[in-house]
Amino acid sequence: MSKYLTFLSFLYFVQGIPYGLQSRFLPAYFRTHGMSLTNVGFFKLLLTPWMLKALWAPLVDRHGTKKLWLVWSMVGLMLTCFVAAFLDSGRLLYLAGVLLMFNLLTSTQDIAVDGVAIGILSSSELGYGNIAQVVGYKFGAIFGGGLLTSVIDYISWTLVFQYLAFVYGVAVLVIYSFLPNKLQKITKNKSKDDKYQQSEQTSDIKTSSEGGWLRTHLTDVLNTEDTWWIIIYVLIYKLGEQGTLSMTPLFLMDNGVSTSVLGFWLGIVGQTVSICGSVVGGWLFSYKKVPIIQSLNSTQNARIVLLSCQCFLVVFWQSLAGFWGSNVNLGLAVLFMSVLLLISGTITTLTFTLMMQCSQRAPSNVQATHYTTLATFEVLGKLTFSVVTGALTDLFGYKLMFLLFLMLTMCVSPFLSTMKPQLTIPIKNNVIDGYNTS
């Protein structure tokens, strides 16, 4: 197993912190300070760089090294957090500017990290690599979301961002010490009929010519086999689930549950359960060799059942509270959310494994851009919907929205039935950006 897995886990841990901060801590913080659900949702527009990062991913592929991009993005994040620490959280315009820069830097960091991951993992390690990716990311989300939310009543705004600045400072030292200064591209001899190697060589010739390199770069990305199927799938596969996960904490807050309780149960316990699900997903693929098609269909069916239970609980919340008490309602909500997060973790790992397998089919000089493109659409599907979820909930209420979440999730099943079997067949002996992955 690759010696880089621990390093990748650390990088993805650092990447998960902004997600936890902006999906758990900030919505709870803003809601407790009187912000409407509509404005809480619109604040997620600051995540726009994550939807646009494919536009500058070719620059990360073409110029400099992954180490330089990682180091300087981390330095920028450290300085941004330092500025945010001394910014009045009530000055929303200035805060929005800082968070926009925060997301621009974290999305650039994400491109470089994914490029490193695709390069250093062999085909047989993809399942384990995606465990490192998803588990590391979710531990970061626990730190940035669940942990901070659970102590929101005892920690100041300034201290939160001072801690984050310290974490990014440590990350700079780790990256600077661990990654080599210069990575030389390694080329392996393959048979003449290897279409992926031929595609790679052709792309190298095209991109070396003057002009038109960006167009060729993006063409190679979008022409990679099965890319469009993956793009459509990642756009829709988490819409209903994401709506449920984002609105359930706010629903419970509006029904008298404290933010510290929610931070513990949904932020720490829930994300820990989700990590277990991610490990299960990687284990099924890498160790048990269960086909991804079979695993995704099974987990999709289980997700529909859990969302049905959560929807029923929200729709009949008051009646059920009068029947057996609000504490039982809270316990059931936490239970349903925890099991849903377990299933969600499994689905995420399996989906990211599909994405990485597809990216390994692309020419080596565009693989980071290819994976970034898929990841961008994955974020685009979830983020676009989450931005308007708050406004729709203010307009239609929680009950109708949870019914909508259930229907959106059910719509994924027919699309899964069209999955092409070749999507689950990995490419062997892949080489990229200075790493021999055989």
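Parameters at a glance
- Residues numbered from 1 in each chain as written.
- Predicted model: local features only at pLDDT ≥ 70, side-chain atom pairs only at ≥ 80, totals over all residues.
- Heavy atoms only, no water.
- Helix = DSSP H or I, 4+ residues; strand = E, 2+ residues; numbered from the N terminus.
- Buried < 20%, exposed > 50% of the residue type's maximum accessible area, 1.4 Å probe, protein only.
- Contact = heavy atoms within 4.5 Å.
- Areas by Shrake-Rupley, 256 points an atom, 1.4 Å probe, with all protein chains shown as cover.
- Salt bridge = Lys/Arg side-chain N within 4 Å of Asp/Glu carboxyl O.
- Disulfide = S-S within 2.5 Å.
- Axes fitted to C-alpha atoms, helices over the stretch in contact; angles between N-to-C directions.
- Parallel < 35°, antiparallel > 145°, perpendicular 65-115°, else oblique.
- Nonpolar A, V, L, I, M, F, W, Y, C, P; charged D, E, K, R; others polar.
- Patch = residues over 30% accessible without salt bridge, like charges linked within 9 Å, V, L, I, M, F, W, Y side chains within 5 Å.
- Core = buried A, V, L, I, M, F, W, Y, C linked by side-chain atoms within 4.5 Å.
- Left-handed = near helix turned anticlockwise from the far one by under 90°.
- Expected span 1.5 Å × (residues − 1).
- pLDDT = per-residue confidence, 0-100.

Caption draft 1: Representation of the overall build of the protein chain within the structure. A count of helices and strands for the protein chain gives 19 helices and 2 strands. With 438 residues in all, the protein chain has 58% of them scored as buried. Contacts in the protein chain between residues far apart in sequence, at least 24 positions, make up 87% of those at least 6 positions apart. Just so you have it, the protein chain exposes about 18,000 Å², and 67% of that area is on carbon and sulfur atoms.

Caption draft 2: Layout of the environment of leucine 159. Assignment of secondary structure puts leucine 159 in helix 8 (residues 157-178). Relative accessible area serves as the criterion here: at 32%, leucine 159 is assigned to the partly exposed category. Linking leucine 159 and phenylalanine 86, residues 73 residues apart in sequence, is a C-alpha distance of 9.4 Å.

Caption draft 3: Quick peek at the environment of serine 36. Structurally, the position occupied by serine 36 is in the loop between helix 1 (5-32) and helix 2 (37-42). Judged by relative accessible area, serine 36 falls into the partly exposed class, the value being 27%. The spatial distance from the C-alpha of serine 36 to the C-alpha of glycine 390 is 8.3 Å, given a sequence separation of 354 residues.

Caption draft 4: Region of the structure containing the pattern of salt bridges. Scanning the model with the defined rule gives 5 salt bridges in all. The shortest N-O distance in the salt bridge between lysine 238 and glutamate 241 comes to 3.1 Å.

Caption draft 5: Quick peek at unusual backbone geometry. Even without glycine at this site, aspartate 226 takes up a positive phi of about 70°. With respect to the secondary-structure elements, aspartate 226 resides in the loop between helix 10 (213-222) and helix 11 (227-236). Judged by relative accessible area, which is 8%, aspartate 226 ranks as buried.

Caption draft 6: Fine view of the state of the cysteines. Inspection of the entire model under this criterion finds 0 disulfides. Take cysteine 311: it sits in no disulfide, and the sulfur closest to it among the cysteines is that of cysteine 309, at 10.0 Å.

Caption draft 7: Representation of the packing of helix 15 (residues 317-324) against helix 16 (residues 326-360) in the model. Axis separation between helix 15 and helix 16 bottoms out at 7 Å; the angle between their running directions is 120°. It follows from the interaxial angle that helix 15 and helix 16 lie oblique. Residue-level inspection shows Trp317, Leu320, Ala321 and Trp324 of helix 15 in contact with helix 16, the latter providing Ser326, Val328, Asn329, Leu330, Leu332 and Ala333. Among the residues making up the contact of helix 15 with helix 16, the classes are represented as 8 nonpolar, 2 polar and no charged.

Caption draft 8: Expanded view of a nonpolar patch on the surface. On the surface, Leu395, Phe396, Leu400, Leu403 and Met407 cluster together into a nonpolar patch covering about 520 Å² of accessible area. Elements supplying a minimum of two residues to the nonpolar patch: helix 17 (367-396) and helix 18 (398-410). Among the elements that line the nonpolar patch, the one with the most residues is helix 18, at 3 residues. Within the element layout of this structure, leucine 400 appears in helix 18.

Caption draft 9: Geometry of the nonpolar core. Counting residues in hydrophobic clusters, the biggest one holds 106 residues, and the most contacted among them are Leu21, Phe161, Tyr233, Leu252 and Leu296. Looking at which element gives the most residues to this core, the answer is helix 16, with 15 residues. Those residues in contact with tyrosine 233 that sit more than four places away from it in its chain are Leu296, Ile347, Thr351, Val412, Phe415 and Leu416. Residues Trp50, Met51, Val379 and Leu383 belong to the second largest nonpolar core, which totals 6 residues.

Caption draft 10: Representation of the packing of helix 1 against helix 8 within the structure. Remark: helix 1 packs on helix 8, axes separated minimally by 10 Å, with the N-to-C direction vectors making an angle of 165°. Taken together, the axis directions place helix 1 and helix 8 in an arrangement best described as roughly antiparallel. Considering the relative orientation of helix 1 and helix 8, their crossing is left-handed. Counted together, Phe7, Phe10, Leu11, Val14, Ile17, Pro18, Leu21, Phe25, Leu26 and Tyr29 of helix 1 and Trp157, Val160, Phe161, Leu164, Val167, Tyr168, Ala171, Val174, Ile175 and Phe178 of helix 8 form the full contact between these two elements.

Caption draft 11: Structural context of helix 5 (residues 66-85). Relative to the 28 Å expected for 20 residues at 1.5 Å per residue, helix 5 spans 28 Å between its end C-alpha atoms, a close match to the ideal helical length. Every buried residue belonging to helix 5 is among Lys66, Lys67, Leu70, Val71, Ser73, Met74, Gly76, Leu77, Thr80, Cys81, Ala84 and Ala85, and all of these are buried.

Caption draft 12: Structural detail: the confidence of the model for the protein chain. Put simply, the protein chain has an average pLDDT of 79, and 82% of its residues get 70 or more. No element of the protein chain has a lower mean pLDDT than strand 2 (residues 435-436), at 31, and none a higher one than helix 18, at 96. Ignoring residues within four places in sequence, the model shows residues 427-438, a span with pLDDT below 50, making 44 contacts including any to other chains.

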